[in-house]
Amino acid sequence: MQVPEQKNPIQREIIILLVILAILGCLLVLLIGGGYIYYQNYTETQSLSGTATSAFMATKIKRDTEAQAKATAQASATAQALHAQSTATALAKNAELMNYKYYDPFLNNQAAWRAQEEDNQYWRGNVAIEAGTYNWQVTEVLEPFVGWSDFYTEETLTDFDAAVLARRQQGEPAEYCYGLLFRKSPEGFDAGSYIFTVCENGYFAIYYYDESAPWEEIQGWTETSLLYQEDWNLLEISARGSDFTLSINHQQVAAFNDDRLSEGLVAILIDVYKKNPGSIQFDNFALQPR
């Protein structure tokens, strides 16, 4: 019987080493392959997450933008509809106002409105009747102020209807406001007056003023969609005893009862809140004692 040939010990160790290296090589290949697949999956997941977030934000921005555009369009459409309706109503209203006992289209200054260069502790500028409008031009504001010009009547004024057209030409809508004083005491502003003021940023307010009750709110700043910017706004006041109603562009916006002043003057006013220049125009003042 032939005895099997025995391998050299060195040769056997080489074979074992080669086998171990082969196993390690396979493990390394598997490790590298698995790592690559994991990296690809991780990168793809991160990419999808970033895309989802960006898409969400883009959709949100688009949605918000469309909502804002829609709201702006609706507000614009509403304003245009109100303006069209108001324009039609204005023709009839203007005819009515022209028949009031006192009607001034500011073609001259027969009514002796305040008209002069202004340089006082509050402001500098000019008040004048020019080209058929009553213009208040403020070139410098030293301190926020209310300025007014009284309209004098032949009789003591108790019950009345009054109206005026007004618009802001220069200055920010919230800074340059305007309106009417009414039942202003003949003894002066400090002795008592009601104030109706509007701002073209869409707000109006009603105050009572005298030395003992400075700037008492009858109705605080109230939002309205009836005011036009840099366009004529018709302001109206009706007084019957202690009852008052106030309107903007042919629509009533407020009513109140107050018996502190039973008679007094009506005056045009401007109401300035910031130290910036600006200007206000008035036209077609009308007053009918009742």
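Relevant structure appears above.
Residues numbered from 1 in each chain as written. Predicted model: local features only at pLDDT ≥ 70, side-chain atom pairs only at ≥ 80, totals over all residues. Heavy atoms only, no water.

Enquirer: What am I meant to see in the overall build of the protein here?
Expert: When helices and strands are tallied, the protein shows one helix and 15 strands. Among the 290 residues that make up the protein, the fraction classed as buried is 38%. Long-range contacts, defined as pairs at least 24 residues apart, comprise 61% of the intrachain contacts of the protein with a sequence gap of at least 6. Accessible surface computed for the protein: about 16,800 Å², of which carbon and sulfur atoms make up 55%. (Helix = DSSP H or I, 4+ residues; strand = E, 2+ residues; numbered from the N terminus. Buried < 20%, exposed > 50% of the residue type's maximum accessible area, 1.4 Å probe, protein only. Contact = heavy atoms within 4.5 Å. Areas by Shrake-Rupley, 256 points an atom, 1.4 Å probe, with all protein chains shown as cover.)

Enquirer: I'm lost on the pairing of strand β10 (residues 216–223) in this one. Help?
Expert: A regular strand places its side chains on the two faces of the sheet in alternate fashion. As judged from the five bridges shared by strand β9 (residues 203–209) and β10, these two strands associate in the antiparallel manner. Residue pairing for β10: Y208 is matched across the bridge by E216. Joining the antiparallel neighbours β9 and β10 is a turn of six residues, in which W215 adopts a positive phi near 55 degrees. (Pairing = 2+ DSSP bridges.)

Enquirer: Whenever I open this one, the environment of K101 confuses me. Can you help?
Expert: Relative to the helices and strands, K101 resides in the loop between α1 (9–98) and β1 (102–104). K101 gets classed as partly exposed once you look at its relative accessible area, which sits at 43%. For the pair K101 and L287, spaced 186 residues apart in the sequence, the C-alpha separation amounts to 6.5 Å. Residues within four places of K101 in sequence aside, it is in contact with E154, E155, L287, Q288 and P289. At 2.8 Å, the side chain of K101 forms a polar contact with the side chain of E155. (Polar contact = N/O pair within 3.5 Å; in protein donor to acceptor, adjacent residues only side chain to side chain.)

Enquirer: Teacher, can you tell me more about the sheet that holds strand β14 (residues 265–272) here?
Expert: In a beta sheet, neighbouring strands are held together by backbone hydrogen bonds and run either parallel or antiparallel to one another. The strand order across the open sheet formed by six strands is β5-β14-β7-β8-β9-β10, and the pairing between neighbours is antiparallel. Two strands lie at the open edges of the sheet, namely β5 (145–151) and β10, each paired on one side alone. Neighbour-to-neighbour, the strand axes of this sheet turn through a mean angle of 20 degrees, independent of strand direction. (Axes fitted to C-alpha atoms, helices over the stretch in contact; angles between N-to-C directions.)

Enquirer: Explain unusual backbone geometry to me, please; I cannot follow it from the model alone.
Expert: Among all residues except glycine, the phi angle is most often negative; among peptide bonds, the trans geometry is most common. In this structure, F106 takes a positive phi of about 60 degrees despite not being glycine. Structurally, F106 can be placed in the loop between β1 and β2 (116–119). The backbone of R183 sits at a positive phi, close to 55 degrees, despite the residue not being glycine. Residue placement: R183 occurs in strand β7 (residues 176–184).

Enquirer: Just checking my understanding: could you explain the environment of V164 for this structure?
Expert: Mapping V164 onto the fold places it in strand β6 (residues 160–170). Looking at V164, the relative accessible area reads 0%, which means it is buried. For V164 and L287, which are 123 residues apart along the polypeptide, the C-alpha to C-alpha distance reads 8.8 Å. Excluding residues within four positions of it along the chain, V164 makes contact with L180, N233, L234, L235, I268, F282, D283, N284 and F285.

Enquirer: What should I look at first to understand the nonpolar core in this one?
Expert: Generally speaking, nonpolar side chains in soluble globular proteins are found buried as a group. Counting residues in each nonpolar core, the largest one holds 47 residues, and the members touching the most others are F182, F196 and F282. If you look at the next biggest cluster of nonpolar residues, it comprises eight residues, including I195, A205, A267 and L269. (Core = buried A, V, L, I, M, F, W, Y, C linked by side-chain atoms within 4.5 Å.)

Enquirer: When you look at the pattern of salt bridges in this model, what are you seeing that I'm missing?
Expert: For side chains of opposite charge, pairing can occur when their charged atoms come near one another. What the rule picks out here adds up to 15 salt bridges. The partner of D119 in a salt bridge is R124, with the nearest N and O atoms 2.8 Å apart. Overall, R124 belongs to the partly exposed group, its relative accessible area being 30%. The salt bridge involving E200 is made with R168; its shortest N-O contact spans 3.1 Å. Here R168 lies in strand β6 and E200 lies in the loop between β8 (193–199) and β9, a separation of 32 residues in the sequence. No difference in accessibility class separates E200 from R168, as the two residues are buried. Look at the salt bridges and you will find they share partners, linking K93, E96 and E236 into a network. (Salt bridge = Lys/Arg side-chain N within 4 Å of Asp/Glu carboxyl O.)

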